[in-house]
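So the chains spell out like this:
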Amino acid sequence: MRPYNITDDILWVGAVDWAARDFHGYSRSPLGTTYNAFLVKDEKITLFDTVEHEHKDAFFCNVAQALGGDLSKVDYIVVNHLEPDHAGCLVEAVERMKPEKIFCSPMGQRNIASLYHHTDWPIEVCPTGHTASIGRRTLKFIETRMLHWPDNMLTYIPEDKAVISSDAFGQNWATSERWADEVDRPTLLKVLKEYYANIVQPYSPIVIKTLDALAKMNLDVEMILPDHGLLWRGKDCAWVLDRYREFAQARPALRALLVYDTMWRSTEMMIHAVADGLAAEGVPVKIMNVKRDHHSAIVSELFDSGALVLGCPTHNNGILPGMAGALQYIKGLRPLNKVGGCVGSYGWSGESVKLLAEWLEKIGVEAVGEPVKVQNAPDHEVLRQCVDYGRGIARTLKDKIAALG
Ligand code: FEO
């Protein structure tokens, strides 16, 4: 890659990770990702963030190319976020660039000490409202706590009407294009949503507050430059802000996700019957098996579903380990406004359905009706009960959608 001119003075100097499939050790990134870093050439040459350490050569090469080969021309470094996918080259950057100042949030200063063990850097702490001049431009810092860590902040540059937004508004998609308006729109929306569902979703109430606070600031914005994926310009800025508000509001969709595991296919038959009941009431369904579908793909589907149905047989007085892992992951992401239920088969002790019901409660899913369980294999009558159970969940989902407008 080479540096990319966003404007005459603002350059993209990040790295494209075409091979990334595992994001942060817990989520999948099937289309790869990018680590975006930016260089602003003003009287004080200012670098915004770095990249994941594995891509340090591409990053330092890009910065060097932008500065005629001389990394020491960098005067300031803004650290919008300390997570290693953005600060993975920070220590080496500080050593090689010897910046006069390093700007970060108050929580960022703590993370520089605890993650990178440096307390002797020339840090200027930037709570919301703090500003810094870099010559013809002013940097305005706004903390965006929990989007995605406590230390995140964004930087607004009024002279360029630009927001360098850190994780917020990012997507995992490796592309040669840099702007969102240059790529396939449905894929863009899909990756934006996947990123939100798996990374930002637990903090949806904070997202709403942050969007409200930004709206009150009346910032004139023509570019939003996140640290992952495609960059937003023009009318796309309002579009992506609207999408984030929509995501955070989590209005239930007329769609059901059925997630299951099975040993001898009894639970699988029950799940298919529940799906038939949902579909018969006009609710589109998707069925995912925890052995075949990664938990982050399940969460992405759940994000677009107003109903969640779980199915798992009893195994050693519990549930199968793949289902337990998926449920732990789903719970951590705190999905909102779902209805649902559970079914399962058993051989002799039969705890799984009770345990699944407890998981639904912990996740915050509104349970509908009486879960269906069966010893060994379902017969026609049990499958009919499952169909009726699906119909009941569908009707409750439609009522909830109607109630929430
Ligand atoms: Fe892209 Fe929170 O790191």
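So, how was this worked out
- Residues numbered from 1 in each chain as written.
- Predicted model: local features only at pLDDT ≥ 70, side-chain atom pairs only at ≥ 80, totals over all residues.
- Helix = DSSP H or I, 4+ residues; strand = E, 2+ residues; numbered from the N terminus.
- Buried ≥ 20, exposed ≤ 12 C-beta atoms within 10 Å, placed from the backbone.
- Contact = placed C-beta atoms within 7 Å.
- Core = buried A, V, L, I, M, F, W, Y, C linked by C-beta atoms within 7 Å.
- Domains from an automatic or database assignment.
- Pairing = 2+ DSSP bridges.
- Axes fitted to C-alpha atoms, helices over the stretch in contact; angles between N-to-C directions.
- Parallel < 35°, antiparallel > 145°, perpendicular 65-115°, else oblique.
- Left-handed = near helix turned anticlockwise from the far one by under 90°.
- Nonpolar A, V, L, I, M, F, W, Y, C, P; charged D, E, K, R; others polar.
- Expected span 1.5 Å × (residues − 1).
- Right-handed = clockwise from strand over helix to strand, strands pointing away.

Peer 1: It is not clear to me how the overall build of the chain should be interpreted in this structure. Could you clarify?
Peer 2: Along the backbone of the chain there are 12 helices and 23 strands. On the principal axes, the C-alpha backbone points of the chain span a range of 75 × 40 × 35 Å. For the chain, the residues scored as buried account for 48% of the 405 residues in total. Partitioning the contacts of the chain with sequence separation of at least 6, the portion at a separation of at least 24 is 71%.

Peer 1: Would you take a moment to explain the nonpolar core for this structure?
Peer 2: Ranked by internal contacts, the top residues of the largest apolar core, which has 122 residues, are Phe38, Ile77, Leu258, Val274, Val309, Leu310 and Ile393. When residues in this core are grouped by element, the largest group, eight residues, is from helix α5 (residues 185-200). Shared between two domains, this core takes at least three residues from each, and those domains are domain 1 (4-249) and domain 2 (256-397). With residues near it in sequence (within four places) discarded, Ile393 still touches Ala256, Leu278, Ala307, Val309, Val339, Gly340, Gly341 and Val368.

Peer 1: Sorry, what's going on with the sheet that holds strand β17 (residues 232-233) here?
Peer 2: Backbone hydrogen bonds hold the strands of a sheet together, and the pairing may be parallel or antiparallel. The strand order β12-β13-β14-β15-β16-β17 describes an open sheet built from six strands, whose pairing is mixed. Two strands bound the open sheet, and with one partner strand each, they are β12 (131-133) and β17. Where β12 meets strand β13 (residues 138-143), three bridges bridge the pair, whose relative direction is antiparallel. Within the sheet, the bridge partner assigned to Ala132 lies in β13 and is Leu139.

Peer 1: Explanation requested: the packing of helix α9 (residues 295-303) against helix α10 (residues 321-332) in the structure shown.
Peer 2: The angle between the axes and the distance between the axes are what describe a pair of packed helices. The N-to-C vectors of α9 and α10 enclose an angle of 50 degrees; their axes lie 10 Å apart at closest approach. As judged from the angle between their axes, α9 and α10 are oblique. As α9 runs across α10, the sense of the crossing is right-handed. Touching His295, Ile298, Val299 and Leu302 of α9 are Gly325, Ala326, Tyr329 and Ile330, all from α10.

Peer 1: Mind showing me how you'd approach α9 here?
Peer 2: Since the α-helix turns once every 3.6 residues, residues separated by three or four places project in the same direction. Within α9 the residues assigned to the buried category are His295, Ser296, Ile298, Val299, Ser300 and Leu302. Buried residues along α9 sit in contact with β5 (27-28), α5, β18 (256-260), β19 (285-289), β20 (307-311) and α10.

Peer 1: Is there a simple way to explain the domain arrangement of the chain in this structure?
Peer 2: Put simply, an interface is often sized by how much accessible area is lost when its parts join up. According to the domain assignment, the chain contains domain 1 (4-249) and domain 2 (256-397). Elements with a contribution of two residues or more to the side of domain 1 that touches domain 2: β5 and α5. By residue number, the principal contributor to the side of domain 1 that touches domain 2 is α5, which donates four residues. Considering only residue class, the side of domain 1 that touches domain 2 consists of two nonpolar, four polar and three charged.

Peer 1: What should I look at first to understand the environment of Asn198 in this one?
Peer 2: Relative to the assigned elements, Asn198 resides in helix α5. Remark: the alpha-carbon pair of Asn198 and Tyr329, spanning 131 residues in sequence, is separated by 9.3 Å.

Peer 1: Please explain the sheet that holds strand β7 (residues 38-40) as it appears in this structure.
Peer 2: Sheet architecture is open: seven strands sit in the order β1-β2-β7-β8-β9-β10-β11, paired in mixed fashion. Of all strands in the sheet, those bounded by a partner on one side alone are β1 (4-5) and β11 (123-125). As judged from the three bridges shared by strand β10 (residues 101-104) and β11, these two strands associate in the parallel manner. In the sheet register, Cys104 faces β11, and the bridge partner there is Val125.

Peer 1: Please clarify how unusual backbone geometry should be interpreted in this entry.
Peer 2: Leaving glycine aside, a negative phi is the common case for residues, and trans is the common case for peptide bonds. Residues other than glycine seldom take positive phi values, yet His24 does so here, at roughly 65 degrees. Considering the arrangement of structural elements, one finds His24 in the loop between β4 (22-23) and β5.

Peer 1: Looking at this structure, I do not really get the environment of Arg21. What am I missing?
Peer 2: On the secondary structure map, Arg21 appears in the loop between β3 (15-17) and β4. Put simply, Arg21 and Leu31 are 10 residues apart on the chain and 7.2 Å apart in space, counted from C-alpha to C-alpha. Those residues in contact with Arg21 that lie beyond four places of it in its chain are Arg28, Ser29 and Pro30.

Peer 1: Explain helix α12 (residues 380-404) to me, please; I cannot follow it from the model alone.
Peer 2: Taking 1.5 Å of rise per residue, the 25 residues of α12 would be expected to cover 36 Å, and the 36 Å separating its terminal C-alpha atoms lies within 8% of that figure. Listed as buried for α12 are Val382, Gln385, Cys386, Val387, Tyr389, Gly390, Ile393, Ala394 and Leu397. Along its buried surface, α12 packs onto β18, α8 (266-280), β20, β21 (339-346) and β23 (372-375). Just downstream of α12 lies Gly405, where phi reads positive at about 70 degrees.

Peer 1: Is there a simple way to think about the pairing of β19 in this case?
Peer 2: Look at any regular strand and the pattern is simple: side chains alternate between the two faces of the sheet. Relative to β19, β18 runs parallel, the two being bridged by five bridges. Paired with Val259 across the two strands is Met288, which belongs to β19. Following the chain from β18 across α8 to the adjacent parallel β19, one finds a crossover that is right-handed.

Peer 1: What exactly am I supposed to notice about the pairing of strand β16 (residues 223-226) here?
Peer 2: Burial along β16 is two-sided: the residues Met223 and Leu225 and Ile224 and Pro226 are all buried. Pairing geometry for strand β15 (residues 162-166) and β16, over four bridges, is parallel. The partner of Ile164 across the bridge, within β16, is Leu225.

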